[in-house]
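Spelled out from the first residue to the last, the chains are:
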Amino acid sequence: MKQFRNNVIRAGLGALYFTGVHHLLRPLFAGVGAIFMLHHVRPGREAEFQPNRHLEIAPEFLRAMLAHLRARDIDIITMDEAYRRLIERRFSQRFACFTLDDGYRDNRDYALPVMREFDAPFAVYVASDFAEGSGRLWWVALERIIAKASFVEVAIGGTASRLDTSTPAAKQAAFDRLHDWLRGLPAERDIQREIGALCARHGVDEGKVCRELCMSWGELKPFADDPLVTIGAHTITHCNLARQSEAIAAREMAVSRARIESALQRPAVHLAYPYGDKIAAGPREFALAHAAEFKTAVTTRPGMIFPESADHLTALPRVSLNGNYQEAHIPPVLTSGAATAMWNGFRRIDAA
Ligand SMILES: [Zn+2]
C-alpha cells in the first residue's frame, strides 16, 4: 500500500514537471520562501528492505537542490533570518531554509561538507535524549528487527498475530502494519514497552541504535560552533507531544531547550515538533511553543511560507526532501510550490 502511495506521489510530481503545470502555479503558490526538511544525509544503500528510506537523502541530491536554489538566486538563510524577514515583512527576495531533524552524525559527516560548498546555513533539531545516548529510535529498531527476522509475533489489540517477514515485500508489509500500530498506541510508554519486548526477543540493542546514529553532546559542541550551524530543540524524548498532558508537553519543550543551552552554551530558540504531523502537533502545541518563547517552531505539514505565515510562527510548514523522490526533476517542482499546494487543497495556511 505504501509502495502504491509512493508511486502515485511520484507520478504526480512527474506529471507536474512534465506538463509544466508547476510553472503556471508558481506565481500563486511559490510563496515567499520554503523551509526544507531533512533527516539523514548519507550515501544510499543497496538493501532492498529500507522502510525508513524516505528519511534519508544522498549528498548528491542535497547538492542538486542547493545548486538549483543558487541558480534561481533564492537566498539560503538561517532560521533566525527567516524569523526576522517574517516579522519585518521583508519579502523582496525569495528564501529557503534547511532544517535537519534528530541530530544524526551523518549531518556532520555528509551534510555539512555539502552545505559548506554553497556557504549555506542550516538548522539541526536535537532531541536531548538522543544526544545523551539514551534515546529510543523505535522506527530504526523496528527496521532492524524485521530485517533479521523471518517472522515476528505480536499481540495487536489483544490478538496474537504472526507476521511473515521472510521476503523483502513481506518485510515491508509487516513494517507498515507494525509502524502504524505503534504510532497509534495511546502513550509513549506503550510504544517503548512493545518495541522493548520485540528488541529483547530478536536481539536488537535499542541503546546501541541511538549511539550509533546520533551525535553525542561531545560531538555536538564543535559541530554547533560551526558558523553555518544552528541547533534547535526537538523535545527530550522525541515523543508525540499532542498525546502528552499539557504539563509534560510544556516540560518536553522547555527542558530540551535548557539541556541544549547548558551543554552547548548557545541559545536554542527554534523548535521542531517530533513527528510534526496533525496527530503530533496542533493548536495546543503551537500555543505552548509560543508561550515557551521559541522564535519559530516547525511542523512536518507540507507547505510553502507565505507573508501570512508571520501570524503562525510556531506552526510553520515544511517541504520534505524525501528519499523516495531524488530524481533530477524534483527540485524545480518543490520550489514551485505546486506539489504542496495540491496536497493542501490550494489553501496557503494550515495551522488549525
Ligand atoms: Zn524527529
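Along each chain, residues carry numbers from 1 onward, in the same order as the chain's sequence is written. Where totals are concerned, whole chains, interfaces and linings use all residues; where local detail is concerned, this predicted model gives features only for residues with pLDDT of at least 70, and gives and counts side-chain atom pairs only at 80 or more. Based on all heavy atoms of the structure, the side-chain values leave hydrogens and waters out of the count.

Enquirer: Sorry, what's going on with the overall build of the protein chain here?
Expert: Helix numbering and strand numbering both begin at the N terminus, where a helix is a DSSP run of H or I of at least 4 residues and a strand a DSSP run of E of at least 2. Check the secondary structure of the protein chain and you find 15 helices and 12 strands. Rg of the C-alpha trace for the protein chain: 20 Å, near the compact-globule value of 20 Å for 352 residues, within the 12% margin. The buried label goes to any residue with under 20% of its type's maximum accessible area, the exposed label to any with over 50%, and the partly exposed label to all in between, with areas taken from a 1.4 Å probe on protein chains only. Scored against the burial criterion, the 352 residues of the protein chain give a buried share of 57%. Contact definition: two residues touch when any of their heavy atoms are within 4.5 Å. Residue pairs in contact within the protein chain that sit at least 24 positions apart in sequence constitute 73% of those at least 6 positions apart. The Shrake-Rupley method, run with a 1.4 Å probe sphere, supplies the accessible areas, and residue values consider only the shown protein chains as cover. Here the protein chain has roughly 14900 Å² of accessible surface; of this, 55% comes from carbon and sulfur atoms. Counted as positive: Lys and Arg. Counted as negative: Asp and Glu, with His and the chain ends omitted from the count. Charge coordinates come from a single atom per side chain, which is NZ of Lys, CZ of Arg, CG of Asp or CD of Glu. Computed over 43 positive and 41 negative side-chain charges, the separation of the two mean positions in the protein chain equals 2 Å. Note that the radius of gyration is over C-alpha atoms, with the globule rule given as 2.2 Å times the number of residues to the power 0.38.

Enquirer: When you look at the packing of helix H7 (residues 138-148) against helix H10 (residues 206-213) in this model, what are you seeing that I'm missing?
Expert: Two packed helices can be described by the angle between their axes and the distance between those axes. Only the stretch in contact is used when a helix axis is fitted, and all axes are lines through C-alpha atoms; the angle between N-to-C directions ranges over 0 to 180 degrees. At a closest axis distance of 9 Å, the pairing of H7 and H10 adopts a crossing angle of 115°. Of the possible angle classes, the one that applies to H7 and H10 is roughly perpendicular. The two elements H7 and H10 meet at a crossing, and its hand is right-handed. Judged by residue contacts, Trp138, Val140, Ala141 and Arg144 of H7 engage Glu206, Val209, Glu212 and Leu213 from H10. Working definition: roughly parallel below 35 degrees, roughly antiparallel above 145 degrees, roughly perpendicular at 65 to 115 degrees, and oblique for all remaining angles. Definitions for this section: a left-handed crossing has its near helix turned counterclockwise from the far helix by less than a right angle. A right-handed crossing has that turn clockwise.

Enquirer: Looking at this structure, how should I read the side chain of Glu143?
Expert: Along the polypeptide, Glu143 turns up in helix H7. Discounting chain neighbours no more than four positions away, the residues touching Glu143 are Arg45, Phe49, Gln50, Pro51, Asn52 and Phe175.

Enquirer: Honestly, the nonpolar core in this entry has me stumped. Any pointers?
Expert: Across soluble globular proteins, you tend to see nonpolar side chains buried next to one another. Put simply, a nonpolar core is a bunch of buried Ala, Val, Leu, Ile, Met, Phe, Trp, Tyr and Cys residues held in one set by side-chain atoms that sit within 4.5 Å of each other. Counting residues in each nonpolar core, the largest one holds 63 residues, and the members touching the most others are Phe36, Leu62, Phe98, Phe122 and Ile231. Looking at this core element by element, the count peaks at 5 residues for helix H3 (residues 59-71). Membership of the second largest hydrophobic core comes to 35 residues, among which are Phe130, Val154, Leu182 and Cys210.

Enquirer: Can you walk me through the pairing of strand E8 (residues 159-164) in this structure?
Expert: The side chains of a regular strand alternate between the sheet's two faces. Paired strands, in this sense, are two strands between which DSSP finds at least two bridges. Judged from the 6 bridges that link them, strand E7 (residues 151-156) and E8 form a sheet pairing that is antiparallel. Considered in E8, the bridge of Ile156 is made with Thr159. Here E7 folds back onto E8, and the loop between the two strands holds 2 residues, one of which, Gly157, carries a positive phi near 60°.

Enquirer: I tried to follow helix H4 (residues 79-88) on my own but got confused; where do I start?
Expert: A turn of α-helix holds 3.6 residues, and therefore any two residues three or four places apart point the same way. For H4, every residue scored as buried is listed here: Met79, Glu81, Ala82, Arg85 and Leu86. In an axial view of H4, the angular spread of the buried residues amounts to 155°, which keeps them on one side of the axis. One or two positions beyond H4, positive phi appears at Arg89, with a value near 55°. The arc in question is the one traced by the directions running from the helix axis out to the C-beta atoms.

Enquirer: Even after reading the chapter, I still don't get the coordination of the zinc ion, so can you show me in this structure?
Expert: Note on metal geometry: ideal angles are 109.5 degrees for four donors arranged tetrahedrally and 90 or 180 degrees for six donors arranged octahedrally. Metal coordination here is assigned from N, O and S atoms located within 2.8 Å of the ion, or within 3.2 Å for Na, K and Ca; omission of water means that sites may look incomplete. For the zinc ion, every protein donor is listed as Asp102 (OD), His234 (NE2) and His238 (NE2), and the spread of their distances is 2.1 to 2.2 Å. When the donor residues of the zinc ion are listed from N- to C-terminus, their spacing reads D-x131-H-x3-H. Of this pair, Asp102 sits in strand E5 (residues 95-102) while His234 is found in the loop between strand E9 (229-233) and helix H12 (246-264), placing the two residues 132 residues apart along the sequence. Accessibility expressed as a relative area gives 3% for Asp102, which makes it buried. Judged by its relative accessible area of 1%, His234 falls in the buried class.

Enquirer: Help me understand the side chain of Thr165 in this model?
Expert: For Thr165, the location among the structural elements is in the loop between E8 and helix H8 (168-184). At a separation of 2.9 Å, a polar atom in the side chain of Thr165 contacts the main-chain amide nitrogen of Phe151. Once you skip the residues sitting within four places of it in the chain, Thr165 turns out to touch Ile146, Ala149, Ser150, Phe151, Val152, Ala170, Lys171 and Ala174. N or O atoms within 3.5 Å of each other form a polar contact, as long as, within protein, one can give a hydrogen and the other can take it, and as long as residues adjacent in sequence are counted only when both atoms are side-chain atoms.

Enquirer: Just checking my understanding: could you explain the state of the cysteines for this structure?
Expert: Each disulfide is one covalent bond, formed between the sulfur atoms of two cysteines. When the sulfur atoms of two cysteines come within 2.5 Å, that pair is taken as a disulfide. For the structure shown, the criterion picks out 0 disulfides. With no disulfide of its own, Cys214 lies closest to Cys210 among cysteine sulfurs, the gap being 4.4 Å. Left unpaired, Cys239 is separated from the closest cysteine sulfur, that of Cys210, by 15 Å. You can call Cys239 buried: its relative accessible area is 1%.

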